[in-house]
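Report on the structure
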Amino acid sequence: MSGRNDNGAGGQADAGGLRVLRAANPAGTRVRAGHVEFGGPGFVVMAGPCAVEGQEQTQAAAQAVAHAGAHVLRGGVYKPRTSPYAFQGMGEPGLHILAECGRRHGMPLVSEVMEASQIPLMLDAVDILQVGARNMQNFSLLRALAEVNKPVLLKRGLSATVQEWLLAAEYLVAGGNPHVILCERGIRTFETATRNTLDLSAVAWVKRESHLPVVVDPSHATGDRGLVVPMALAAVAAGADGLLVEVHPTPERALCDGAQALTPELFSELMGKLPPVLAAVGRTLHPASGAREPGRITG
Ligand code: PEP
Ligand code: MN
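Residues numbered from 1 in each chain as written. Chains lettered and ligands numbered in written order. Predicted model: local features only at pLDDT ≥ 70, side-chain atom pairs only at ≥ 80, totals over all residues. Heavy atoms only, no water.

1. Here we look at helix α3 (residues 92-105)
To keep it simple, the criterion reads: Helix numbering and strand numbering both begin at the N terminus, where a helix is a DSSP run of H or I of at least 4 residues and a strand a DSSP run of E of at least 2. Working rule for helices: expected span equals 1.5 Å times residues minus one. With a 1.4 Å probe rolled over the protein chains alone, any residue whose accessible area is under 20% of its type maximum counts as buried; one over 50% counts as exposed, and the rest are partly exposed. Here, residues are in contact when the closest pair of their heavy atoms is within 4.5 Å.
With 14 residues, α3 extends 20 Å between its outermost C-alpha atoms, agreeing within 8% with the 20 Å of an ideal straight helix rising 1.5 Å per residue. Of all the positions in α3, only G94, L95, I97, L98, A99, C101, G102, R104 and H105 are classed as buried. On its buried face, α3 is in contact with α2 (55-68), β4 (72-74), β5 (109-112) and α4 (119-125). Two residues or fewer after α3 comes G106, characterised by a positive phi angle close to 65°.

Encoded structure:
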């Protein structure tokens, strides 16, 4: 691992010890979730609401993102909120709603797991377990997820260096779970105009140094729906393998992260803008999910 070594990570990596480093799998790791493959030629788009708020809202979001060509449906049911008074997520009832919407549209699901005790329930319902930025160094959670045979989407911590991020991934891979997708979601800097600062050089750096797929979340990176589309396109150019984007049918009524949620119209606009940028860097959009095939929608 090139770059500054401030915690010993570089030393181990330079010695070739870490399993997440590119030398361990020079061809690159591909991670499968249902029919979707991360890290292959196809660029993957995960989209949906920040939080599952109810059946109607989740169904409307799922319908919109499926129709526009998203591959994976996102939705949080356990929400790590800064304030204890903010909406904390629907929990298990929300998971059932999300699962039903995923089934209906033939889309695999990604949702955040906040603690190890939630893993058994999540395993039954979702295809990708998300570790949120605030939990990137929750080592007991990482150790528990290392024992699971399902993909983990590992978000970069708010103040984590790229070395710390890879070492968190190492807990998963070395512990027995090689199905790891990294997610750059912006870091905290002195800049306050945006919610976070999207660190695109980290995307290029991690793609070079590690064999793991890397996706970008332009929603939390900017906190501003007007910036999500340009940053998503920049992520493509930087070499990302996919996106995680928040979409809400009525963002002004969202219980969580409304300012950064794309409307269905803006999300369609994004999906329309991706192919030429992907083509410019020699890539294509991943083949569509089942929901786009007429007759696969069951309800
Ligand atoms: C989320 O994806 O809704 C989320 C809470 O993200 P992060 O952990 O990146 O803040
Ligand atoms: Mn959110």
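2. Comments concerning the confidence of the model for the protein chain
Filter applied, for reference: pLDDT runs from 0 to 100 and stands for how confident the predictor is about each residue.
Across the protein chain, the average pLDDT comes to 93, with 91% of residues at or above 70. Counting contacts from residues 2-15, a segment whose pLDDT is below 50, to residues more than four positions away or on other chains yields 22 contacts. Confidence drops under pLDDT 50 across residues 291-299; counting only partners more than four residues distant or on other chains, this segment forms 14 contacts.

3. Digging into the pattern of salt bridges
What counts is decided by this rule: In what follows, salt bridge is the name for a side-chain nitrogen of Lys or Arg lying within 4 Å of a carboxyl oxygen of Asp or Glu.
What the rule picks out here adds up to 13 salt bridges. Between E37 and R30 there is a salt bridge whose closest N-O contact spans 3.3 Å. Here E100 ties to R103 by a salt bridge, and the two come within 3.4 Å at their closest N and O atoms. With a gap of 3 residues between them, E100 and R103 both fall in helix α3, about one helical turn apart. On the accessibility criterion, E100 (28% relative accessible area) is partly exposed. Judged by its relative accessible area of 58%, R103 falls in the exposed class. A network of salt bridges, in which partner residues are shared, links R30, R32 and E37.

4. Describing the site of ligand 1
Which entries qualify depends on this criterion: The criterion for a residue being near a molecule or strand is simple. One of its heavy atoms has to lie within 4 Å of it. In the analysis that follows, any N or O atom pair within 3.5 Å is treated as a polar contact, provided that within protein one partner can donate a hydrogen and the other can accept it, and provided that, for residues neighboring in sequence, both atoms belong to side chains. Areas reported here follow the Shrake-Rupley algorithm with a probe of radius 1.4 Å; residue values treat only the protein chains shown as occluding. Residues were grouped as follows: Ala, Val, Leu, Ile, Met, Phe, Trp, Tyr, Cys and Pro as nonpolar; Asp, Glu, Lys and Arg as charged; and all remaining residues, including Gly, as polar.
Around ligand 1 lies a shell formed by C50, R74, K79, E112, Q130, G132, A133, R134, K155, R185, H220 and E246. R134 has a polar side-chain atom sitting 2.8 Å from an oxygen atom of ligand 1. The protein chains hide 97% of the 290 Å² of surface that ligand 1 would expose on its own. Taken together, the residues of the shell around ligand 1 break down into 2 nonpolar, 3 polar and 7 charged.

5. Some thoughts on the nonpolar core
Selection criterion: Only buried Ala, Val, Leu, Ile, Met, Phe, Trp, Tyr and Cys residues count toward a nonpolar core, and they belong to the same one when joined by side-chain atoms within 4.5 Å.
By size, the foremost hydrophobic cluster in this structure holds 71 residues, and its most contacted members are L145, L154, L182, L243, F267, L270 and L274. A per-element tally of this core places helix α6 (residues 162-174) first, with 8 residues. Not counting residues within four places of it along the chain, the set of residues in contact with L270 comprises V229, A232, L233, L243, V245 and L262.

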